[in-house]
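# Per-entry structural report
The residues making up each chain are set out below.
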Amino acid sequence: MTLRYLIQKEFLQIRRNAFLPRLIVLFPIMIMCVMPWVMQMEVKNIVVDVVDIDRTVESQRLVQQVAASNYFIFGGQKATYAEAMKDIEKGRADVILEIRDGKYLIAANAVNGTKGAMGSAYLSQIITAPAQYAAVPSQPSVLTLYNKGQNYKLYMIPALFAIVMMLMTGFLPTLNIVGEKEAGTIEQINVTPVSKWAFILAKLIPYWLIALFVITVCLLLAWLVYGLTPAGPMWLVYVLAMLLALFFSSFGLIISNYSDTMQQAMFVMWFFVVSLMLLSGLFTPTRSMPQWAYLTTYINPMHYFIDAIRTVFIRGGTFQHIAHQVFALLAIGLFMAVWAVRSYKKNS
């Protein structure tokens, strides 16, 4: 009965806050409707200047192929390499292709290393493709088992669920408790006979319910806006979301227990969540990391969540395919929950 009234108090505080209800509704909508369009690893709109000294039929055909590519913006043909280099120096071009005596020179603007490297790689594929076709009588066919359309949004949207859960169930409980510390209202709870577990659960349960609402909104938006639905069981998505919510809410309470001001809690929380996110495989494959950085994935719940939800969403994995990630998330979440309870100092 005591827990019920404490949970009711939390919901009343959330409802009376002019900002939080709007944030809970608008944040997942913004993440799902905006971020999949901008958070993609494909590099397009690469401006290419061509210096064609040969002016042969083959070189003109190559220039036409470059101009027709969806990845390039044709910056025009320049008379000399020095003229094209001026465009590079002024930021009007990203890559130069020079054709001289049947040889090809590719020069890329390395200020934006990713764009320059990918632009060079795309150009190299266009240049070497005719030679490959001539040397190989029959090209091998590629069969894509998952994400057959190579839709990057299908790869990115499941991982964005982690960002939404991180804010809704990590930052909000942290700021809630620290805010009560600064206001002095938490001292009224500390002198009551309410147990530590009851107090912590009263802080966690509302945000777990909010997490269920938010993940439902995200799934609906993925279906309505992009036509994407999980290839695997829907209930596994909710299980993974709740396990991640258990970790982040407990982690947020731990930080709030050791913080005295909202500013301190925000900086500490931001430091950890950015590290967890960048080392999780959300943006880059974890196997591309140095060995010492890859070892951190064994204790990174974000890594387990992203790996598991992509397996369910894209490959149609079942529980047996993600059992390792589920048990790892459960173990880390329970450990953090116990730590949150033990670190809470209550004066009875």
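Preceding block: the structure.
In this text the structure is predicted, and so the values were computed from the model without any measurement.

Moving on: the side chain of Glu98. Considering the arrangement of structural elements, one finds Glu98 in strand β3 (residues 95–100). Residue Glu98 is classed as buried on the basis of its relative accessible area, which comes to 9%. A polar side-chain atom of Glu98 sits 3.0 Å from a polar atom in the side chain of Arg100. Non-local contacts of Glu98, meaning those with residues more than four positions away in its chain, are made with Val51, Tyr81, Lys103, Tyr104 and Leu105.

A separate point is the environment of Leu228. Here Leu228 is to be found in the loop between α8 (196–226) and α9 (234–258). Under the relative-accessibility criterion, Leu228 is labelled buried at 11%. Taking the C-alpha atoms as reference points, Leu228 and Leu154, 74 residues apart in sequence, are found 7.0 Å from one another.

Here we take up helix α2 (residues 20–38). In an α-helix, one full turn covers 3.6 residues, which means residues spaced three or four apart are oriented alike. Here α2 contains 19 residues, and its C-alpha end-to-end distance of 26 Å stays within 8% of the 27 Å for a straight helix at 1.5 Å per residue. The largest bend in α2 amounts to roughly 30° and is located at Leu26, with the proline Pro28 lying one to four residues further along. Taken together, the buried positions of α2 are occupied by Leu20, Leu23, Ile24, Phe27, Pro28, Ile31, Met32 and Pro36. Looking at the buried residues of α2, the elements they touch are α1 (2–16), α6 (152–183) and α8.

Below, the discussion takes up the packing of α2 against α8. At their nearest, the axes of α2 and α8 sit 10 Å apart, and the two run at 35° to each other. Classified by chirality, the crossing of α8 by α2 is right-handed. Across from Ile24, Val25, Pro28, Ile29, Met32, Cys33, Val34, Pro36 and Trp37 in α2, the residues of α8 making contact are Ile210, Phe213, Val214, Val217, Cys218, Leu221, Ala222, Val225 and Tyr226. In the contact of α2 with α8, the residues fall into 18 nonpolar, no polar and no charged.

This part covers the packing of aromatic side chains. Within this structure, the stated rule accounts for 12 aromatic pairs. On the basis of an interplanar angle of 85° and a centroid distance of 5.4 Å, the ring pair of Phe251 and Phe272 is categorised as edge-to-face. Remark: Phe272 occurs in helix α10 (residues 262–278) and Phe251 occurs in helix α9; sequence separation between them is 21 residues. When the centroid spacing of 6.1 Å and the interplanar angle of 85° are considered together, the rings of Phe319 and Phe327 count as edge-to-face. Put simply, the rings of Phe247, Phe248, Phe251, Phe271 and Phe272 pair up and form one aromatic cluster.

On the surface, Trp235, Phe319, Phe327, Leu330 and Leu334 cluster together into a nonpolar patch covering about 510 Å² of accessible area. At 4 residues, helix α13 (residues 319–343) tops the list of elements feeding residues into the nonpolar patch. In this fold, Leu330 is placed in helix α13.

On to the sheet that holds strand β4 (residues 103–108). The strand order β2-β1-β3-β4 describes an open sheet built from 4 strands, whose pairing is mixed. The strands lining the two open edges of the sheet, one partner per strand, are β2 (72–77) and β4. Strand-to-strand twist in this sheet, taken as the mean axis angle between neighbours without regard to direction, amounts to 20°. When strand β1 (residues 46–52) meets β3, the two strands line up parallel, connected through 5 bridges. Looking at β3, one finds that Val51 is bridged to Glu98. The strands touched by helix α4 (residues 81–89) within the sheet are β1, β3 and β4, with β3 carrying the most contacts at an inclination of about 170°.

What counts, and where the lines are drawn
Residues numbered from 1 in each chain as written. Predicted model: local features only at pLDDT ≥ 70, side-chain atom pairs only at ≥ 80, totals over all residues. Heavy atoms only, no water. Helix = DSSP H or I, 4+ residues; strand = E, 2+ residues; numbered from the N terminus. Buried < 20%, exposed > 50% of the residue type's maximum accessible area, 1.4 Å probe, protein only. Polar contact = N/O pair within 3.5 Å; in protein donor to acceptor, adjacent residues only side chain to side chain. Contact = heavy atoms within 4.5 Å. Expected span 1.5 Å × (residues − 1). Bend = angle between axes of the 7 residues up to and from the residue. Axes fitted to C-alpha atoms, helices over the stretch in contact; angles between N-to-C directions. Left-handed = near helix turned anticlockwise from the far one by under 90°. Nonpolar A, V, L, I, M, F, W, Y, C, P; charged D, E, K, R; others polar. Phe/Tyr/Trp six-rings, centres within 6.5 Å; stacked < 30°, edge-to-face > 60°. Patch = residues over 30% accessible without salt bridge, like charges linked within 9 Å, V, L, I, M, F, W, Y side chains within 5 Å. Areas by Shrake-Rupley, 256 points an atom, 1.4 Å probe, with all protein chains shown as cover. Salt bridge = Lys/Arg side-chain N within 4 Å of Asp/Glu carboxyl O. Pairing = 2+ DSSP bridges.

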